[in-house]
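Listed here are the chains, written in short residue letters.
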Amino acid sequence: MTDEWPLKRLMTEVVGSGTKSAEDMTRTQAAEAMRRIFRGDPDPTTLGAFWLANRWKHNTAEELAAFTDEMCERTEYATPDADPVDCGANYDGKGRTAILGAAAGVVAAGAGTPVVVHSGDRVPTQKQDAYKHVLDELDVATELTPRDSADMVDETGVGFYYQPAFNPAVADLFDRRDQMGVRTFVNTVETLANPAGASVHLGSFYHLAFAKKVVETFEQTEFHDLDRVIMFQGMEGYDDIRPGYTKVADWSADGDFEDYEIETATYGMDFEEADLQVDDVAADSARLTEAVVAGDRTDHWHDAVALNAAFRIYAGGDADSLDAGLDAARAAISDGSAAAVLDDLRAF
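**A few points about the overall build of the chain**
Next up, step 1: Helix and strand counts for the chain come out as 16 helices and seven strands.
Next up, step 2: Computed over C-alpha atoms, the radius of gyration of the chain comes to 20 Å, within 12% of the 20 Å expected from 2.2 N^0.38 for 348 residues, which places it in the range of a compact globule.
Next up, step 3: Overall, the C-alpha framework of the chain stretches about 60 × 40 × 40 Å when taken along its three principal axes.
Next up, step 4: Taking all 348 residues of the chain together, the buried fraction comes to 58%.
Next up, step 5: Considering only contacts within the chain whose residues lie at least 6 apart along the sequence, 75% involve residues at least 24 apart.
Next up, step 6: Here the chain displays about 13600 Å² of accessible surface, and carbon together with sulfur accounts for 43% of that area.
Next up, step 7: Taken as two groups, the 29 positive and 65 negative side-chain charges of the chain have centres that lie 8 Å from each other.

**Concerning the side chain of H302**
Next up, step 1: Relative to the elements of secondary structure, H302 occurs in helix α14 (residues 300-315).
Next up, step 2: Those residues in contact with H302 that sit more than four places away from it in its chain are V292, R297, R330 and I333.

**Points about the sheet that holds strand β3 (residues 158-162)**
Next up, step 1: Read across the sheet, seven strands follow the order β3-β2-β1-β4-β5-β6-β7 without closing on themselves; strand pairing throughout is mixed. Strand pairing shows two members of the sheet lacking a second neighbour, β3 and β7 (257-263), which therefore form its edges. Across this sheet, the average inter-strand angle for adjacent strands is 20°, counted without regard to direction.
Next up, step 2: Docked against the sheet, helix α7 (residues 146-156) engages β2 (115-119) and β3, running at close to 170° with respect to β3.

**Points about the nonpolar core**
Next up, step 1: Among the nonpolar cores identified, the biggest contains 67 residues, and L100, V107, Y131, I262, L276, W301 and F311 are the most heavily contacted of them.
Next up, step 2: Looking at which element gives the most residues to this core, the answer is α14, with 11 residues.
Next up, step 3: Discounting chain neighbours no more than four positions away, the residues touching W301 are A98, L100, D275, L276, Q277, V278, L288 and V292.
Next up, step 4: Ranked by size, the runner-up nonpolar core spans 39 residues in total, among them F38, F50, A66 and A196.

**Considerations on the packing of α7 against helix α16 (residues 337-347)**
Next up, step 1: At a minimum axis distance of 10 Å, the contact between α7 and α16 shows a crossing angle of 145°. In this structure, α7 meets α16 at a crossing whose hand is right-handed. In contact with M152, E155 and T156 of α7, α16 contributes V341, D344 and L345.
Next up, step 2: Of the residues assigned to the contact of α7 with α16, the class counts are three nonpolar, one polar and two charged.

**Describing the pattern of salt bridges**
Next up, step 1: A complete count under the given rule lists 25 salt bridges for this structure.
Next up, step 2: Among the ionic pairs, D240 bridges to K94, the shortest N-O distance being 2.8 Å. In this pair, D240 sits in the loop between β5 (228-233) and β6 (245-252) while K94 sits in the loop between β1 (85-87) and α5 (101-110), placing the two residues 146 residues apart along the sequence.
Next up, step 3: When its relative accessible area of 0% is taken as the criterion, D240 is described as buried.
Next up, step 4: Classification of K94 as buried rests on a relative accessible area of 1%.

Calculation criteria
- Residues numbered from 1 in each chain as written.
- Predicted model: local features only at pLDDT ≥ 70, side-chain atom pairs only at ≥ 80, totals over all residues.
- Heavy atoms only, no water.
- Helix = DSSP H or I, 4+ residues; strand = E, 2+ residues; numbered from the N terminus.
- Rg over C-alpha atoms; globule rule 2.2 N^0.38 Å.
- Buried < 20%, exposed > 50% of the residue type's maximum accessible area, 1.4 Å probe, protein only.
- Contact = heavy atoms within 4.5 Å.
- Areas by Shrake-Rupley, 256 points an atom, 1.4 Å probe, with all protein chains shown as cover.
- Lys, Arg positive; Asp, Glu negative; His and termini not counted.
- Charge placed at Lys NZ, Arg CZ, Asp CG, Glu CD.
- Pairing = 2+ DSSP bridges.
- Axes fitted to C-alpha atoms, helices over the stretch in contact; angles between N-to-C directions.
- Core = buried A, V, L, I, M, F, W, Y, C linked by side-chain atoms within 4.5 Å.
- Left-handed = near helix turned anticlockwise from the far one by under 90°.
- Nonpolar A, V, L, I, M, F, W, Y, C, P; charged D, E, K, R; others polar.
- Salt bridge = Lys/Arg side-chain N within 4 Å of Asp/Glu carboxyl O.

Remember, this is a structural readout, not a statement about activity or role.
In structure tokens, the structure reads:
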């Protein structure tokens with residue numbers, strides 16, 4: 001394979017001419033660009049300019065698929081015997097509202113749906129609290145090898161994959177990303193790594209167009225072969241469903257793409273996003289996780305976790321509707337199954 005497109009040439013001839021005149025890269029060009037970035041070839045100034053130009057012009061699904069495939073070629077995969085729901089939240093975290101996905105994953109696992117989450121540690125640009133930091137507060141092991149993460153899934157029903165361990169090529173870009181000051185396409189691509197090789201991906205979006213682009217990216221990757229993608233409007237770009245009127249996108253491998261709206265109040269989540277704000281995201285999220293899965297909360301925190309767990313159960317195919325998923329989530333809390341999963345996670 002001959003590389004013909006250094007990033008400086010791509011800037012001059014393709015992506016860097018301006019917000020209106022810039023052109024999209026071919027798959028070949030995008031793949032070569034990502035290879036060069038992983039090799040450390042570009043001058044830091046050129047790399048920063050390239051990332052910024054792509055942010056301005058907006059990447060196509062074909063470009064994102066090429067970036068994703070190059071990343072996946074460098075990812076260490078460890079597939080559990082179970083087929084979990086892959087939860088790909090923004091790695092740079094949240095700063096205002098609680099992270100509900102840890103509790104939701106535990107509850108879903110208690111109901112019989114295995115779940116995988118993954119993140120790094122203070123990933124740029126925001127470098128805020130992510131899954132790792134909530135699990136650390138819960139005394140759950142996080143700095144695991146990929147094989148250990150897969151074993152965690154099979155032994156407890158929930159698995160955490162640590163980016164520096166399974167995706168070192170992206171983790172090695174930390175310093176360059178930290179100097180950017182804004183998100184780049186790497187922030188999108190890293191969430192699509194799917195380190196457990198799951199057949200279902202659950203994610204979030206601000207605008208429906210982004211959900212469609214993620215689905216198209218998965219369809220065009222040569223590495224991934226998913227059966228289903230479910231995404232919803234999340235809080236702070238995370239896979240925690242936004243209270244109120246919320247859009248949902250649901251794609252299956254037969255090509256069907258459905259988008260619809262729900263009112264979360266219909267499913268017991270009748271409050272505002274402000275009601276989910278906390279002072280210390282990691283510590284407070286961990287404390288709330290403990291209380292909810294133990295059955296000690298019956299307030300809006302219980303309702304928020306239950307609906308987020310219901311989405312995971314529904315996405316995994318273990319419920320034929322959100323209502324059925326919600327029943328299963330509530331039962332896992334009330335009968336102690338969720339609490340048992342958290343005990344297993346801590347003992348792993």
